[in-house]
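Now for the letters of each chain:
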Amino acid sequence: MKIVSLAFLVHLFILGHLHRPVRSQQDTDLQLQSGQFQRLLIFVEDRRGVQKTASELLRLIKEIKVGFNAASRLLQNLTTAVGRPMRLGSASVLVSARLGRELRAAGLPVGDARWQRRNRADFVVTHDVDADTEGSVAMETGCGKPGKKVVMQDASFTNDSNSIVHRKVALFFSQYRWGLLSEQPVGSPIETGPDGELRVSACSAELRVRLAAADGSSTCEFDVNSRRTSRGCAPKLSESGRPDGPLASFMFAPFHRAVNRFCDARSKEPQLQHNGMVDSLMNRQCDGLSAAEVLRNHRDFWGTPDGTRPAPGDISFDVVAEKSNRRVVVVMDTSGSMSGLRIAMMISAVNQFLLEIIEDGSECALISFTNRHSVLSNFVSIQSRRDRERLSSLVSRLHANGGTCIGGAVSAAASVIHKAVNMLGYHGPASASATGQIILLSDGVEGCPGRLNSMVSFLAHSSLEVVSIRYGDKADSRMDRLAEVTGGQKFFGGTSIADSSGLRLALGATTTAIDESKRTLTLTSEEIGSRFVRRRFNVDESVRRDLVFRVTVPSNTGAVTQLRLLLNAPSGREFGYRNRSDIYEANAAIGTVAIRVPDSQIQKGIWILRDEASESQPESHPSTGAGGSIVVTGRSSEDSVEAPVVLTAEVHPSIVQRISEETKIAVFAQLLRGHTPVRGGRLYASVRSDSNLVASFDLMDNGAGADLKAGDGTYSAYLPVAELNEPRDFSVSVKSLSPVSRVTSAGKVTVRYRNPSFNRQLVPPPKVIDFRVTVNTLNNSAVLMWTAVEDPTVKNASAKYEIRYSSSREQLIKNFSTCPILTVLSEGLGAPGSTVQLNAFHQLAGRGAVFVAVSGVSALNVSGPQSNLIGVDLTPPSVTQLTHIGLLPVGDGMGATEPPSRMSVPGLIVGVTASVAAAAGLAYLSMVLHRRASSAQPASLTKPADTDTKQGKAPRSQSASNVSVRYADEFFDGSTLLTPAI
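Predicted model only: the values in this text are computed from it and were never measured.

**Student:** If you had to explain the overall build of the chain to someone new, which residues and values would you point to?
**Tutor:** A count of helices and strands for the chain gives 18 helices and 52 strands. Taking all 982 residues of the chain together, the buried fraction comes to 60%. In the chain, of all internal contacts separated by at least 6 residues, the share reaching a separation of at least 24 is 73%. Total accessible area on the chain is roughly 36800 Å²; 48% of this is exposed by carbon and sulfur atoms.

**Student:** Residues and numbers for the nonpolar core, please.
**Tutor:** If you look at the biggest cluster of nonpolar residues, it comprises 67 residues, and the most contacted ones within it are Phe 68 and Phe 123. Broken down by element, this core gets its largest block of residues, 10 residues, from helix H2 (residues 54-82). With residues up to four places along the chain from it excluded, the contact list for Phe 123 reads Leu 40, Leu 41, Ile 42, Phe 43, Phe 68, Val 150, Met 152, Val 169, Phe 172 and Phe 173. Residues Ile 347, Ile 382, Leu 398 and Ile 590 belong to the second largest nonpolar core, which totals 33 residues.

**Student:** Go over the state of the cysteines, please, and point to the residues and values.
**Tutor:** One pass over the structure, following the stated rule, counts 2 disulfides. Covalently, Cys 143 is tied to Cys 286 through a disulfide, its sulfur atoms 2.1 Å apart. What sets the handedness of the Cys 143 and Cys 286 disulfide is the S-S torsion sign, and at about 100° it is right-handed. Residue Cys 143 is located in the loop between strand S8 (135-136) and strand S9 (150-153), and its partner Cys 286 is located in helix H6 (residues 281-286); the two are separated by 143 residues in the primary sequence. According to the relative accessible area criterion, Cys 143 is partly exposed, its value standing at 30%. Judged by its relative accessible area of 4%, Cys 286 is buried. Across the disulfide from Cys 405 sits Cys 448; the S-S distance is 2.2 Å. On the sign convention where negative means left-handed, the S-S torsion of about -135° between Cys 405 and Cys 448 marks this disulfide as left-handed. Within this pair, whereas Cys 405 is found in the loop between helix H9 (385-396) and helix H10 (406-420), its partner Cys 448 is found in the loop between strand S20 (436-442) and helix H11 (451-459), the two being separated by 43 residues in sequence. Note on accessibility: Cys 405 and Cys 448 belong to one class, buried.

**Student:** Provide a residue-level description of H9, including the pertinent values.
**Tutor:** The first and last C-alpha atoms of H9 sit 16 Å apart over 12 residues, in line with the 16 Å expected at 1.5 Å per residue. When H9 is considered as a whole, its buried residues turn out to be Asp 387, Arg 388, Leu 391, Ser 392, Leu 394 and Val 395. Taken end-on, H9 shows its buried residues confined to a sector of 155°, consistent with a single buried face. Contact partners of the buried residues in H9: strand S17 (327-333), helix H8 (341-357), strand S18 (363-369), strand S19 (373-381) and strand S31 (628-635).

**Student:** Now, about the packing of H11 against helix H12 (residues 478-486): what can you tell me, with residues and values included?
**Tutor:** For the pair H11 and H12, the least separation of the axes is 9 Å and the interaxial angle reads 10°. Comparing their axes, H12 and H11 come out roughly parallel. Of the residues in H12, those in contact with Leu 452, Asn 453, Met 455, Val 456 and Leu 459 of H11 are Arg 478, Met 479, Arg 481, Leu 482, Val 485 and Thr 486. For the contact of H11 with H12, a count of residues per class yields 7 nonpolar, 2 polar and 2 charged.

**Student:** Break down the pairing of strand S43 (residues 800-806) for me, citing the residues and quoting the values.
**Tutor:** Summarising burial for S43: 6 of the 7 residues are buried, a large majority. Examined bridge by bridge, S43 and strand S46 (residues 850-857) share 7 bridges and lie antiparallel to one another. Paired with Glu 802 across the bridge in S46 is Ser 855. In the sheet, S43 pairs with strand S44 (residues 821-825) via 4 bridges, with the strands oriented antiparallel.

**Student:** Mind laying out the sheet that holds strand S24 (residues 534-539), listing which residues take part and the relevant values?
**Tutor:** Across the sheet, which stays open at both edges, the 4 strands sit in the order S24-S30-S26-S27 with antiparallel pairing between neighbours. At either end of the open sheet lies a strand with only one pairing partner, and these are S24 and strand S27 (574-576). Between one strand axis and the next, the sheet turns by 20° as a mean value, whatever way the strands run. Sheet topology note: the S24/strand S30 (residues 605-611) ladder contains 6 bridges and is antiparallel. Looking at S30, one finds that Val 539 is bridged to Gly 605.

**Student:** An account of the sheet that holds strand S37 (residues 693-699) is requested, with residue identities and associated values reported.
**Tutor:** Strands sit in the order S33-S40-S39-S36-S37 across an open sheet of 5 strands; the sheet is mixed. Of all strands in the sheet, those with a lone pairing partner are strand S33 (655-658) and S37, marking the two edges. Across the sheet, the mean angle separating the axes of adjacent strands is 25° when strand polarity is ignored.

**Student:** Describe unusual backbone geometry, naming the residues involved and giving the relevant values.
**Tutor:** In this chain, His 652 is followed by Pro 653 through a cis amide linkage whose omega measures -5°. Mapped onto the elements, Pro 653 comes out in the loop between strand S32 (645-652) and S33. Residue Pro 739 is reached from Ser 738 by a cis peptide bond, and omega for that bond is 5°. Notably, Asp 287 is not glycine yet its phi reads approximately 50°, a positive angle. By the secondary structure assignment, Asp 287 is in the loop between H6 and helix H7 (291-296). The exposure class of Asp 287 is partly exposed, given its relative accessible area of 34%.

**Student:** Let's hear about the pattern of salt bridges: which residues, and what values?
**Tutor:** Overall, the coordinates contain 48 salt bridges when judged by the stated rule. Measuring nitrogen to oxygen at the nearest pair gives 2.5 Å for the salt bridge that ties Asp 480 to Lys 748. A residue pair is termed long-range when its members are at least 10 positions apart, and Asp 480 in helix H12 and Lys 748 in strand S40 (residues 742-753) qualify at 268 residues. By relative accessible area, Asp 480 is classed as buried at 6%. Using a relative accessible area of 4% as the deciding quantity, one classes Lys 748 as buried. Between Glu 541 and Lys 604 there is a salt bridge, with its nearest N and O atoms 3.7 Å apart. Of the two residues, Glu 541 is situated in the loop between S24 and strand S25 (545-552) and Lys 604 in the loop between strand S29 (592-597) and S30; the sequence distance between them amounts to 63 residues. The exposed category is assigned to Lys 604, whose relative accessible area is 58%. Through salt bridges with shared partners, a single network forms among Arg 385, Glu 389, Glu 585 and Arg 596.

**Student:** I'd like a description of the packing of aromatic side chains, backed by residues and values.
**Tutor:** Pairs of aromatic rings are described using the distance from one ring centre to the other and the angle between the two planes. Scanning the entire structure with this criterion turns up 12 aromatic pairs. Geometrically, the ring pair formed by Phe 771 and Trp 786 is edge-to-face, given 5.7 Å between the ring centres and 70° between the ring planes. Highlighted residues: Phe 771 in the loop between S40 and strand S41 (772-776) and Trp 786 in strand S42 (residues 781-787), separated in sequence by 15 residues. The exposure classification of Phe 771 matches that of Trp 786, with both residues buried. A connected cluster of aromatic rings, assembled from ring pairs, spans Phe 37, Phe 173, Trp 178 and Phe 301. The positively charged end of Arg 39 is found above the aromatic ring belonging to Trp 115, 4.0 Å away from the centroid. Over the ring of Tyr 577 we find Arg 564; its NZ or CZ atom is 5.7 Å from the centre of that ring.

**Student:** Now, about the side chain of Glu 526: what can you tell me, with residues and values included?
**Tutor:** Mapped onto the secondary structure, Glu 526 falls in strand S23 (residues 521-528). Among the polar contacts listed, one links the side chain of Glu 526 to the side chain of Lys 735, at a separation of 3.2 Å. Aside from chain neighbours lying at most four places away, what touches Glu 526 is Ser 501, Arg 535, Phe 537, Gly 628, Ser 629, Ile 630 and Lys 735.

**Student:** Kindly report on the environment of Leu 376, identifying the contributing residues and their values.
**Tutor:** In this structure, Leu 376 sits in strand S19. The partly exposed category is assigned to Leu 376, whose relative accessible area is 25%. Sequence-wise, Leu 376 and Leu 398 are 22 residues apart; in three dimensions their C-alpha atoms are separated by 9.9 Å. Among residues more than four places away in sequence, those in contact with Leu 376 are Met 332, Leu 366, Ile 367, Ser 368, Leu 394 and Leu 398.

Conventions adopted
Residues numbered from 1 in each chain as written. Predicted model: local features only at pLDDT ≥ 70, side-chain atom pairs only at ≥ 80, totals over all residues. Heavy atoms only, no water. Helix = DSSP H or I, 4+ residues; strand = E, 2+ residues; numbered from the N terminus. Buried < 20%, exposed > 50% of the residue type's maximum accessible area, 1.4 Å probe, protein only. Contact = heavy atoms within 4.5 Å. Areas by Shrake-Rupley, 256 points an atom, 1.4 Å probe, with all protein chains shown as cover. Core = buried A, V, L, I, M, F, W, Y, C linked by side-chain atoms within 4.5 Å. Disulfide = S-S within 2.5 Å. Expected span 1.5 Å × (residues − 1). Arc of directions from axis to C-beta. Axes fitted to C-alpha atoms, helices over the stretch in contact; angles between N-to-C directions. Parallel < 35°, antiparallel > 145°, perpendicular 65-115°, else oblique. Nonpolar A, V, L, I, M, F, W, Y, C, P; charged D, E, K, R; others polar. Pairing = 2+ DSSP bridges. Salt bridge = Lys/Arg side-chain N within 4 Å of Asp/Glu carboxyl O. Phe/Tyr/Trp six-rings, centres within 6.5 Å; stacked < 30°, edge-to-face > 60°. Lys NZ or Arg CZ within 6 Å of the ring centre and 35° of its normal. Polar contact = N/O pair within 3.5 Å; in protein donor to acceptor, adjacent residues only side chain to side chain.

Set out below in structure tokens:
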């Protein structure tokens, strides 16, 4: 056994410290220092099917630098007005190994990636995203919640006609870093102001705003029958006649050339003062706070301004390339506590990682440890199945015995990596250019005093990544610190046979930093009982090679020799125990059976796996023991132009000190084809402790509860915190049932301490965030709508609701519980996630202009937070109000004394049938404050018909095409129901 020298660790610390500061716990290395953001990471993706020439790559990188430098100057202007001037200081452009070779050949200096990893990129520049998906990937609901990353089209930088790319970058950075949201109305583009006057909705009431169509025309049509404006009708700042002084807000009109300020409730400039009455994402999530107020609550703006400004200058760029071969060291605990089922499950999971998960071309080394470590294998380049089997055979021979020295094993892993890069030798000085991933798996507590703590300090300043997998509740929690300080992932695996998939999913999720074409897709990983008979599996078009069905029974390894597995393809072709060994392999030593489908025989459709022995003799067939698991994996074709569908998931926050009644922990998941979300999926999450399934629940994309935006392809839900009040780790996994089968780990949640005063009966329902209203006085209709939230005290039941109102917006926000009750709803609530509708016309009639909000109430009468506020006014607007915004009759054969059938405003046309206008006495505009993208799209829209009421002709209906709402750049773009907003 080789001993790691102290000199090696000292050199590792010193040289590593010169290259990089300690990482934060977020999925980014971006840091703010002296008013400058350092270590911004921009990943230029090398997508399949698109081969860029060296000149195209050079031009793209040049335009990226130009765009980000201009964005940096704009960000400095924006933040200076808030009180803390900031700009971008340094940035790395990361490219793949292939692109790096081409750029070096073209003469561009390209370094080797060290801390830069694609899965930690702040910006991803790719051709594999459309305009509707471009922007900050926002997942977490709430005010000021940062995004996961920013995805931008490469055409945004190279298109000669695109002069606003710097504004895109600044907008997306503001959303990504500070969690700012759009101040464009998501519902009505018209509102009623405090003085009762109609006006176009804008972030500041003093701005000159018009309604304009997305196609650039000056007219927007309004259909009174369907209460919808034409597609793309949205408020926009006037290009001409603007008053002197700055314009706001950047989150309202980021692409307007004169806008260089955020809306600010503190500002003395009328055009900067915030309008908290617009139904925008910002107002809804932040309870009416302006963008500047949200920024001042962010840690970047904390403290007293010192009056200093960041040093002038452009961004310091460097271009780096990924290594051609990824280096992975798997470090396995084989101490005495791992005996029995634990080591059997670990061997099984690691072997599957070696045989099916780790990508071709990577380099893998193996280390086992007790109180001493043993290097089972130095790096082996995985080029063939024989290489994989060679490593697997070493793992299969492991047995448990001895103590636990985690720090020494991690030191050995770091040494193996540095030796492999052929620097100055095993005992020589380390280099921060040495990169690699250490996967650490242990169930024990460090038995070598000081070693693990020392490695936390040393590795924090290296370019290595540690992925920690705590195996059971007793595993040393300092393993997680190794992952945190090196930017690695943290996982938890249960030690019971019921959670035999936990370790497999954790190991499978360690490959997020490689291209999807090389990544293994886990279609399913599920437990089986003591007797296995048959299962059905869906294989989709993404899987084109390496399709493997693996059954594992670690509790009764000898039982696999009694299994007679048969696999039927959709065509009926059969694979199984009658086939040769390269297709069917049974390994009694580790208790696994694998069926490998030849690539040429892979088909899309339903595959059936069955045990012929159990079917023919169900009673006498030997038991598989306490059970096991079935895992189905495959890969996409590297030659395919179309990207595979990949499931990603994460849980946030991942660390909670104590569970309280107000604690909110959410899991988020996305199905992605490249960077394009797959919508309409059916997903659910599972939460497990060391030995039990704690909870299983659906993930929703409905814009309610934990879900920020409906229909955006992000599926979310809150974890049942009442089940998490124990000081332990909980693993979280996500499974997709349709349109494709996928499963992945979302990581884990760590609860530090038990809260003895926690009362699950006091857990309130979650906040309603999509409260809206549709008003139509012609049929006495004022329908309040929202998505039903769950009552946390009753399983699978919706909360009750109380709806309150006030003429004061501030009163409703600050003292909701003391405001008058409009109505209480406790029956006919539907299931959680369904739409609640209530006609409150008679309750609202005669109250004038009021604000309304709803709050969920549990069965034990615990109230949740109030929803977003809406304004309702059932009083029809006067002629003066209509004239004030330019609504005038345009004829249609009607006299001047008759109600107008079509009214217009510059940039707006409002159509009203004469019969409707006559019945109302005056055309009444019905507006809706809120329309989410998750709302079901209408089959058709009815346009106003040409009607002659004098001749008594009935209106003629015409169908219009479907409409949709686009949120890509946080602009409202689609049809909207119009409702009085106050």
